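# Summary of the model geometry
The chain contents come next:
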Number of protein chains: 2
Amino acid sequence: MAWWGWGSPEAERELPEPALGFLREQLGITGEGRPAVTLEAVQVPVSGLSDDAAAKLGAARTDHAARVEHAAGKGYPDLIRLRSGDGSSAPDAVLEPGSEEEVRGALQACAEADLAVVPFGGGTSVVGGVEPLRGEHAGVVALDLGRLDRLLELDERSLTAVFEPGLRGPEAEALLNARGLTLGHFPQSYEHATIGGYVATRSAGQSSTGYGRIDELVLGLRLVATGRELDLPPRPASAAGPELREVLVGSEGTLGVITRAALSVRPKPRRTRYEGFFFRSWGEGCEALRALEQAEASPDVARLSDERETELSFALAGEGGTTARIGRSYLRARRYAGGCLAIAGWEGEEDDVTRRRARSALLLRGHGALALGSAPGSAWSKGRYHGPYLRDALLDHGVMVETLETATQWSNLQALYRAVRDALHASLGARGTPPLVMCHVSHLYPSGASLYFTFLARQEEGSELEQWKAAKAAASQAIVSHGGTITHHHAVGRDHREYMAAEVGEGGVELLRAMKDRLDHAGIMKPVKLLPDPPGA
Amino acid sequence: MAWWGWGSPEAERELPEPALGFLREQLGITGEGRPAVTLEAVQVPVSGLSDDAAAKLGAARTDHAARVEHAAGKGYPDLIRLRSGDGSSAPDAVLEPGSEEEVRGALQACAEADLAVVPFGGGTSVVGGVEPLRGEHAGVVALDLGRLDRLLELDERSLTAVFEPGLRGPEAEALLNARGLTLGHFPQSYEHATIGGYVATRSAGQSSTGYGRIDELVLGLRLVATGRELDLPPRPASAAGPELREVLVGSEGTLGVITRAALSVRPKPRRTRYEGFFFRSWGEGCEALRALEQAEASPDVARLSDERETELSFALAGEGGTTARIGRSYLRARRYAGGCLAIAGWEGEEDDVTRRRARSALLLRGHGALALGSAPGSAWSKGRYHGPYLRDALLDHGVMVETLETATQWSNLQALYRAVRDALHASLGARGTPPLVMCHVSHLYPSGASLYFTFLARQEEGSELEQWKAAKAAASQAIVSHGGTITHHHAVGRDHREYMAAEVGEGGVELLRAMKDRLDHAGIMKPVKLLPDPPGA
């Protein structure tokens, strides 16, 4: 993966000229390029490992490339810093254990040398989750799990697969597909994210309305830690006390290293069908999705863009596109112009897709949807992992681009939506960089749904991080004060830790600290992440 | 509820003569009655409350009836002791708080007076969960939550209801039904169990294959405790760290008192349809259920009895029953004699039931099932809460009757089934009381299923508890050494706590202890429950 952005350095990431024109007009960007520096030009501090520590660690990498590649995740502030040549967050060393025993050995060595440990999977965190902060320790090591990449067991009768943590999404799918199976977990980071990362960050994928979030797929886990270790074998269900799997899911590497995960798999769908539907308004679309979900008639993929995101996706596709042109005139003729695009997708056996699609479509139409057929669905499917590449292109043109997400009960959805949108407009407007703010619903539950915001603004040159902090703080405050969760699937990392008390209360934070004390006895796992600093620290 | 058994003291609980004849023949019981003693004859220790403690507690009940009624749950050993007049486990006092604030006050008073606290909901535990053990404390108080019985909030748009813990199943349903809604949670204990009990014991109901276990219905919880308290508002989903709701679900009162629970509700089904299917063998039936579940075609209720349970249910229904007579000859004619009865039930809108039933039935027939129509389904539905009354009748006739349950992956289901059955036969056979052992599957998951065993044997008069302990230990050992969970939905309580290290490892037990230390700071909540004694204790 490109150290300065997403995906292969060679991947196409140019914005079409009409899109650029739209952004120039809307955001006031100049259009001058702001490319990243070269790898060699990234400034990293001297590796702070003592000779003694280096000896304890054994075969650690301390070369420039390895340190830069493990210096950050893929959040906006991460990329801003790296692209400008600021590698101050580079770890002192990178360890690449090849077995569970080597993970254990690495943790022991780091505990003895007082080195903080940051487990590193795909490095795709957008919330500062993998930035190697050292906290109060003498140094910090990135623990790259990429060599732990095996499918260890496959129980086809029980539809259960046991994976090592470093296996990436596409490789896991390839191994399962070869046996006619799928995990069905496709976050936008899918091309690079790992099994361990899914579990550690409580991930949700684009098909999670149908397949379930990662927490619903986890059957068993093993955790290697500096204190007590855990080995929870795969079980379909149990009433034997609190569910400890749910303590490890979302633990973000702060308790230890997840070294194996037993996950539910299912038959690979023989057919997938993605379609577009259009609503006259966001409110109407949200009500339709609520009706769908509460009638247990949801598609596996269900997304609804608000008016602004719908408009922007038309603009980014280019005004000249035939599909866009046909679509627009059709929508005008049907009096749906200015409305909201929804994508619905069904996956499964031939008959199931037909049957389930008919049921969803009937309900959607009954709630005001106009069926647009498969063209918008195919377009979505083709571009489903494209967002992060687009971000690189926007950064190249001096555009601030960030995403954030939350979830709440249906009865609170519109109030939360307005609060976050207003907060972003107010905070960035006050800085003279009024944003484009757009939003979609992408995960449905009987009791509520997620909201996923994307916002664009002209970068404040020289104050990019301050600008980002202001917008992020305003949006986060709006979320927690309007009943949303601080994160639906991006996780906590560094960026959301100050909101954990709002999320789970002081009591919840204390409980999480108690768990960490017991499992991460040495206190070296991922300092300054997930939990706020203790009082008085 | 009758202090000596289940349900109203007046409820009919006589065994039909043919059933009694069958049991005499199979188990060698004499048929002499063994009735319970009178309430007055139950021997309870003098209440050990000091004057100081009594003053701290305020309005506590210490009368004989209240103490006996809170002396035990409804497990076999509980009933054996109480029926014989042994009330030695009676609490020193019973508190009946009427508000969350009074719960908090009660915990503080108990902490100051060094009294252990045992929260008491419906009192239906069959694993020793509510037996008021005092541990190392000066005394023990039963905290009866029956006055906390309100539906606090109903968010119909989000299908979310907020309950107090002491509300019983039927009352909760009545409140929801009045608004066209249902919780859909129907454990066998439904007539007496409470919302708080469901959550605290990680309960599953007879329709949980369709509606989900209680952990899948919990959206938010509040815990009052002697240390840190927790207030987790209802949220559809979150990636903000470990899931703390899942720490409270199944905590069995050892962390504190759950004072409110926000649960998912859904539209009350307009139609329910329960039907019988017959399989030539248990193995064939299990494979059919696996196919059903893995094709996402499961009914909401799915139960499969093994050959022995099928035979016994025929016998208990009485040979003379017309249905049984017709059924038997039909099965013989179709060459299904000696096979296994399954019950499948669908609930929902008229169309949904028709559609889903057709799909399930097609798959079941494709896997060897013979459709028996709705008569067996109606019979099951009519008797769905009848098991515990039947137990009272069996106890009256000197029959040992106990149930235990587990769950495992599909690939391990038959090995676990044989191991538990063999362990019960061996342990009770060795004591000269060979048992009848029967089993059913009643909860389906993509990766596995539950096994629910019932066993009957002639009571060893004077050694009833030793006999039970031997059988229970043999079965529990068989479960944990063959990959089963020690409990699928009965919870841990007193009876399973020694198996928690086998269940979650020593590390898991330590983690649970750390949680308890932080939340139950005074260390008074439910001693000698859920967790094994610490090493060296």
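Remember, it's a predicted structure, so these values are computed and weren't measured experimentally. (Residues numbered from 1 in each chain as written. Chains lettered and ligands numbered in written order. Predicted model: local features only at pLDDT ≥ 70, side-chain atom pairs only at ≥ 80, totals over all residues. Heavy atoms only, no water.)

### So, the overall build of chain A
As a reminder of what qualifies: Under the DSSP-based scheme used, a helix requires at least four consecutive residues in state H or I and a strand at least two consecutive residues in state E, with every element numbered from the N terminus. Atoms considered for the radius of gyration are the C-alpha atoms alone. The globule rule reads 2.2 Å times the number of residues to the power 0.38. Here a residue-residue contact requires only that any non-hydrogen atoms of the pair lie within 4.5 Å. Residue exposure ignores everything except the shown protein chains as possible cover, and the areas themselves are Shrake-Rupley values with a 1.4 Å probe.
Counting its secondary structure elements, chain A contains 19 helices and 17 strands. The C-alpha radius of gyration computed for chain A amounts to 23 Å, which stays within 12% of the reference 24 Å derived for 537 residues, consistent with globular compactness. Referenced to the eigenvectors of the C-alpha coordinate spread, the extents of chain A come out at roughly 75 × 55 × 45 Å. For chain A, the proportion of contacts with a sequence separation of at least 24, taken over those separated by at least 6, is 78%. By element, 50% of the accessible surface of chain A is carried by carbon and sulfur atoms, the whole surface being about 18900 Å².

### Looking at the pairing of strand β15 (residues 399-409) of chain B
Residue and element names in this part refer to chain B. Inclusion rule: Accessible area is worked out with a 1.4 Å probe on protein chains only. A residue is then buried under 20% of its type maximum, exposed over 50%, and partly exposed in between. We treat two strands as partners when DSSP finds at least two bridges between them.
Among the eleven residues of β15, eleven are classified as buried, and the element is accordingly described as predominantly covered. Sheet topology places β15 next to strand β18 (residues 448-458); eleven bridges connect them, and they run antiparallel. Paired with Val399 across the two strands is Arg458, which belongs to β18.

### Looking at the nonpolar core
Counted only if it meets this: We call a set of buried residues a nonpolar core when its members are Ala, Val, Leu, Ile, Met, Phe, Trp, Tyr or Cys and they connect through side-chain atoms within 4.5 Å of each other.
Counting 216 residues, the largest nonpolar core has A:Val441, A:Leu456, B:Val441 and B:Leu456 as its most contacted members. In contact with A:Leu456, other than residues within four places in its own chain, are A:Leu23, A:Leu27, A:Leu312, A:Leu394, A:Val399, A:Met400, A:Val401, A:Pro435, A:Leu436 and A:Met438.

### Considerations on the packing of helix α11 (residues 282-294) of chain B against helix α17 (residues 413-430) of chain B
Between two packed helices, both the angle of their axes relative to each other and the distance between the axes serve to describe the pair. Residue and element names in this part refer to chain B. Rule in force here: Under this scheme, a helix contributes an axis fitted over its contacting stretch, all axes are lines through C-alpha atoms, and angles between N-to-C directions fall in the 0 to 180 degree range. An angle below 35 degrees is treated as roughly parallel, one above 145 as roughly antiparallel, one from 65 to 115 as roughly perpendicular, and anything else as oblique. Crossings are assigned a handedness: left-handed for a near helix turned anticlockwise from the far helix by less than a right angle, right-handed for a clockwise turn.
For the pair α11 and α17, the least separation of the axes is 11 Å and the interaxial angle reads 140°. Comparing the axis directions of α11 and α17 gives the class oblique. For the element pair α11 and α17, the recorded crossing hand is right-handed. Residues Trp282, Gly283 and Cys286 of α11 form the contact with α17, whose own contacting residues are Leu413, Gln414 and Tyr417.

### Side note on the interface of chain B and chain A
Selection criterion: For any pair of parts, buried area is found by adding up, for both, the accessible area (1.4 Å probe) each one loses once the two are put together. Whenever two N or O atoms come within 3.5 Å, that pair is a polar contact, provided that in protein one can donate a hydrogen and the other can accept it, and provided that, for residues adjacent in sequence, both atoms are side-chain atoms. Throughout this entry, Asp, Glu, Lys and Arg are counted as charged residues, while Ala, Val, Leu, Ile, Met, Phe, Trp, Tyr, Cys and Pro are counted as nonpolar. The remaining residues, Gly among them, count as polar.
Taken together, the contacts link 77 residues of chain B with 78 residues of chain A. Buried area between chain B and chain A, both sides added, is near 6000 Å², and the carbon and sulfur share of it is 56%. Across the contact surface, chain B and chain A share 37 residue pairs in polar contact (both at pLDDT 80 or more). Breaking the side of chain B that touches chain A down by element, the ones donating at least two residues are β8 (230-232), α10 (245-248), α11, α14 (350-366), β15, β18 and α19 (500-519) of chain B. Of the residues belonging to the side of chain B that touches chain A, the class tally is 31 nonpolar, 22 polar and 24 charged.

### Quick notes on the sheet that holds strand β5 (residues 160-163) of chain A
Residue and element names in this part refer to chain A. Read from one edge of the open sheet, five strands run β4-β5-β9-β7-β8, paired in antiparallel fashion. Only two strands of the sheet have a single neighbouring strand rather than two, namely β4 (151-155) and β8 (230-232). Each strand of the sheet is rotated relative to its neighbour by a mean of 15°, with strand direction disregarded. The pairing of strand β7 (residues 218-224) with strand β9 (residues 257-264) spans six bridges and is antiparallel. Paired with Gly220 across the bridge in β9 is Ala262.

### Describing the packing of aromatic side chains
Residues and elements named next belong to chain B. Heads up, the rule is: Ring pairs shown here join Phe, Tyr and Trp side chains whose ring centres sit within 6.5 Å, with only the six-membered ring taken for Trp; geometry is labelled stacked below 30 degrees between planes, edge-to-face above 60, and tilted in between.
Overall, the coordinates contain ten aromatic pairs over all chains when judged by the stated rule. Seen from their ring centres, Tyr274 and Trp380 are 5.3 Å apart, and the 75° between their planes marks the pair as edge-to-face. Of the two residues, Tyr274 is situated in strand β11 (residues 271-279) and Trp380 in helix α15 (residues 374-382); the sequence distance between them amounts to 106 residues. Residue classification places Trp380 among the buried residues on the basis of a relative accessible area of 12%.

### Some remarks on the confidence of the model for chain A
The test is simple: Confidence scores here are pLDDT values: one per residue, from the predictor, ranging 0 to 100.
The predicted model of chain A has a mean per-residue pLDDT of 95, with 98% of residues at 70 or higher. Scoring the predicted complex yields pTM 0.97 and, for the interface, ipTM 0.96.

### Section: the environment of B:Pro234
Considering the arrangement of structural elements, one finds B:Pro234 in the loop between β8 and α10. A C-alpha to C-alpha distance of 8.9 Å links B:Pro234 and B:Val162, two positions 72 residues apart in sequence. Ignoring sequence-local partners within four residues, the contact set of B:Pro234 consists of A:Gln409, B:Thr160, B:Leu219, B:Gly220 and B:Ala262.

### Overview of the relation of the copies chain B and chain A
This is how it is decided: For this overlay, a least-squares fit was computed on C-alpha atoms, restricted to residues scoring pLDDT of at least 70 in both copies.
Structural alignment of chain B on chain A gives an RMSD of 0.0 Å, achieved by rotating through 180° and translating 0.0 Å along the axis. Considering both components of the superposition, the chain copies are consistent with a two-fold axis. When the interface residues of chain B are mapped onto chain A, 100% of them again fall at the interface, so both copies present the same face.

### What about the pairing of strand β9 (residues 257-264) of chain B?
All names here are of chain B. With respect to burial, β9 is a largely interior element, seven of its eight residues being buried. Alignment of strand β5 (residues 160-163) against β9, held across four bridges, turns out to be antiparallel. Along β9, the bridge assignment pairs Phe163 with Ala261.

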